[in-house]
Each structure stands twice: as structure tokens, then as C-alpha cells.
Amino acid sequence: MTQSLLLADETCREKNSHLFKDGCTAVIFAFLTLSYCEAKRFAIFGNVGDARAIMGTVFISFNDDDETNNGHSLNTLSKKNHPPIIEFEVHRMTQDHKPTVTSDHDPSEVIRIRNCGGYVINSRTMGTYGVARALGDWESRPFLSNEPHVNGCVLTCPITTTCATTCEGNHDSNNCEQLLTTTTLSTPRTWTLEKQMIILGCDGVWDVLSDQDVFEMTAFTWFHSNHSMTINNNNTSSIPLSSSITTHSTNKVSAVIRDFAHSAGSTDNISVIVIEL
């Protein structure tokens, strides 16, 4: 991940430095599985600057007395006497590289800039840049670093019969734990859905919206755009969702976040990608 971002920066410098004198922030996400066990899933994130990635889980619960009836849809269940309960949790998976010393930002970037012989004025690197790391802007190195921050986690991995057979004894349940803390529902419910989602966005989004704001918009927009999707009980409390509507629903969520950030007065670049896992 680190080498990919550094290679992109160096390639642009070698081929286009005579054309481009500017720079940009960047965020990247990779989804990995092991060849001998597809149930082992890993999410790896990298970023420079204040482009950001967040990941969270949407929990949708229905109070339904009939646990034996299959083939319900979200549309049918949502019209019952008990409306769906939508909960979520979200975690930031990247680090904002800002030349500021506040409770929200690590002062190590300011220290690094000063140790390189640079300075920070009005929370701007060399009095010019609002970030401490970026791709491009080569004339400002080493004060404006291109070194990315990389982070990763193990995704939810239920051990199934298929997985156990495929792994041929290599399955280590300790490595398949979910690093994101799961939400404990306050009351017993049936027809519970769980869906993990990732949002990548540039600084124009995060300037006006918090991580919680963005994921709440994601959770509710995603649910209502999928209200007619069929789900099966399978005698479990966690029901997998169909992937047939992924492109439509995630594009709609991305557009909602983009438009809201613009209407909220964001004056910077606004780019959003929503990914269903």
C-alpha cells in the first residue's frame, strides 16, 4: 500500500513535472482474501493529507413474531406494526495529516516539519499548505511529506462448513475476529441485518460533515434505497443481503453525501465513494 502511493507520486514526477506544479491528497482502499480460505477477509487503507476513509456496520432489526416465514422483504417488514430499528457504529480508518496542534490532530506533524527546518504559520505548512502530507508539490519536500499512513483490520469472518472444508484445517479463528466492536442490541429482536460499509471521501466532505454524520446518512439512505430487497431468515439472527443492488444503492448514497456537503457550504473538492462489503 505504501509503495503504491509512493510509486504513483514518483511516476507523476518523472513524466509530468514539467506540466504539473500542484499537488493533491489521496486515499486508497484494498480488499484482500487468502487463497486457501476466502472467508479470511482483510481491509487495508492508506492516505496522505486529509482525504479520509471510515468504516462501520449498519444494524437493522425488526420485531417480528413469525420466525419461520421465509422470503420477507424489507418493504414488507417495514410496514408491520413495529417499524425497523436502525443502528450503526463507525470507525475512522485513516489519519488526517494537518499542520495543527489541537485535540483533534496529532502534533507530531508540526514537530516533523520544524525538525526538517520548515515552519508552520496559521496552521499551514510553510505558510501555504493546509495539509502536512500530499502527493505532488515536489518543490516543498521534505516539509510537505509524501509518506502515507497505512492501517488495516480483519473483517467479520463467520466460520462456516464451506470455509472449514476449504481451509483444510488451516483456519485460525483467532485471526478471523472482527476488530470493530459489535453493537449489543438493547432488546431481543428477530430479522436482524448487519452490513459493513466503507466511505472514502476527500476534504470537501469532511470540512462540513463529521464521520458520524456521513455514516448516518449512509445507513439510512442505503436502507431506504434497498427497501424491496428479499431476505431469508435461515434460522439465524444475521441475514446476508443480496449484492444485486450494490451499484445502484451505493451510487445513490454517494450522491446524497456529495449534494449535502455542497449545500452545507463546502468550498473544497467533493468526491465520495461508498463501498458495500
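Small disclaimer: the values here were computed from a predicted structure and weren't measured.

Procedures and definitions
- Here the residue index of a chain counts from 1 through its sequence in written order.
- Since the coordinates come from a predicted model, pLDDT governs what is reported: local features require at least 70, and pairs of side-chain atoms require 80 or more to be given and counted, while whole-chain, interface and lining totals use all residues.
- Excluding hydrogens and water, the side-chain values take into account all heavy atoms of the structure.
- A helix here means a DSSP run of H or I that spans at least four residues, while a strand means a run of E at least two residues long, and both kinds are numbered starting from the N terminus.
- The buried label goes to any residue with under 20% of its type's maximum accessible area, the exposed label to any with over 50%, and the partly exposed label to all in between, with areas taken from a 1.4 Å probe on protein chains only.
- It only takes one pair of heavy atoms within 4.5 Å for two residues to be counted as in contact.
- Residue burial considers only the protein chains on display, and all accessible areas are found by Shrake-Rupley using a 1.4 Å probe.
- Throughout, nonpolar core names a set of buried Ala, Val, Leu, Ile, Met, Phe, Trp, Tyr and Cys residues whose side chains join them through atoms within 4.5 Å.
- The quantity known as pLDDT measures the predictor's confidence residue by residue, on a range of 0 to 100.
- Expected helix span is given by 1.5 Å per residue-to-residue step, counting one fewer step than there are residues.
- The criterion for a disulfide is a pair of cysteine sulfur atoms lying within 2.5 Å.
- By definition here, a salt bridge exists when the distance from a side-chain nitrogen of Lys or Arg to a carboxyl oxygen of Asp or Glu is within 4 Å.
- The definition of a polar contact used here is a pair of N or O atoms within 3.5 Å, where within protein one atom must be able to donate a hydrogen and the other to accept one, and adjacent residues in sequence count solely through side-chain atom pairs.
- Any two rings among Phe, Tyr and Trp, with Trp reduced to its six-membered ring, count as a pair given centres within 6.5 Å; such a pair is stacked if its planes are under 30 degrees apart, edge-to-face if over 60, and tilted if neither.

(A) Structural context of the overall build of the protein. Within the protein, the secondary structure is distributed over 7 helices and 11 strands. Buried positions account for 43% of the 277 residues belonging to the protein. Here the analysis covers contacts within the protein between residues at least 6 apart in sequence; of these, 73% occur between residues at least 24 apart. A total of about 14200 Å² of accessible surface is found on the protein, and carbon and sulfur atoms cover 49% of it.

(B) Broad picture of the nonpolar core. Ranked by size, the top nonpolar core spans 22 residues in total, and within it V58, V214 and I257 carry the most contacts. Elements with a contribution of two residues or more to this core: β4 (52-62), β5 (85-92), β10 (190-201), α5 (203-206), α6 (211-225), α7 (246-263) and β11 (272-276). In terms of residue count, the dominant contributor to this core is α6 (6 residues). Once residues within four sequence positions are removed from consideration, I257 is found in contact with V205, L209, V214, M217, T218, V272 and V274. The next biggest cluster of nonpolar side chains, apart from the first, holds 11 residues, and it includes M93, L155, I198 and L200.

(C) Highlighting the confidence of the model for the protein. Taken residue by residue, the protein gives an average pLDDT of 76. The fraction at 70 or more is 67%. Between residues 158-189, whose pLDDT stays under 50, and residues either more than four places distant or in other chains, the model counts 49 contacts. Below pLDDT 50 for its whole length, residues 228-245 participates in 42 contacts with residues either more than four positions away or in separate chains.

(D) Inspection of α6 at higher detail. Here α6 contains 15 residues, and its C-alpha end-to-end distance of 21 Å stays within 8% of the 21 Å for a straight helix at 1.5 Å per residue. The set of residues buried in α6 consists of D211, V214, F215, M217, T218, A219, T221, W222, F223 and S225.

(E) Region of the structure containing unusual backbone geometry. Of note, the bond from R141 into P142 is cis; its omega dihedral lies within 30 degrees of zero at 0°. Looking at the element boundaries, P142 is found in the loop between β8 (135-136) and β9 (149-154). The phi dihedral of M126 falls on the positive side, at around 55°, and the residue is not glycine. The topology assignment puts M126 in the loop between β7 (124-125) and β8. Backbone geometry places D137, a non-glycine residue, at a positive phi of 50°. As for its position among the elements, D137 is in the loop between β8 and β9. Residue D137 is classed as buried on the basis of its relative accessible area, which comes to 6%.

(F) Structural view of the state of the cysteines. Within the structure shown, the criterion is met by 0 disulfides. Of all cysteine sulfurs, the one in C24 lies closest to C12, which takes part in no disulfide; the gap is 7.7 Å.

(G) Representation of the pattern of salt bridges within the structure. The final tally for this structure, using the stated rule, is 10 salt bridges. D211 is the partner of R92 in a salt bridge, and the nearest nitrogen-oxygen pair spans 2.9 Å. Taken as a pair, R92 in strand β5 and D211 in helix α6 lie far apart in primary sequence, 119 residues in all. Relative accessible area serves as the criterion here: at 7%, D211 is assigned to the buried category. The closest approach of N and O atoms between E109 and R133, which form a salt bridge, is 2.7 Å. Here R133 lies in the loop between β7 and β8 and E109 lies in helix α3 (residues 108-115), a separation of 24 residues in the sequence. When its relative accessible area of 2% is taken as the criterion, E109 is described as buried. Bridged by salt links that share partners, the residues R52, R92, D96 and D211 form one connected network.

(H) The arrangement of the side chain of D50 in detail. Relative to the helices and strands, D50 resides in the loop between β3 (37-48) and β4. Among the polar contacts made by the side chain of D50, one reaches the side chain of K98 at a distance of 3.3 Å.

(I) Molecular detail of the packing of aromatic side chains. A full pass over the atoms with the stated rule returns 2 aromatic pairs. Ring geometry for F29 versus F45: centroids 5.2 Å apart, planes at 35°, classification tilted. With F29 in strand β2 (residues 26-34) and F45 in strand β3, this pair connects stretches of sequence that are 16 residues apart. What makes F29 buried here is its relative accessible area of 18%. On the basis of an interplanar angle of 45° and a centroid distance of 5.7 Å, the ring pair of F88 and F215 is categorised as tilted. Linking F88 in strand β5 with F215 in helix α6, this pair joins segments that are 127 residues apart in sequence.

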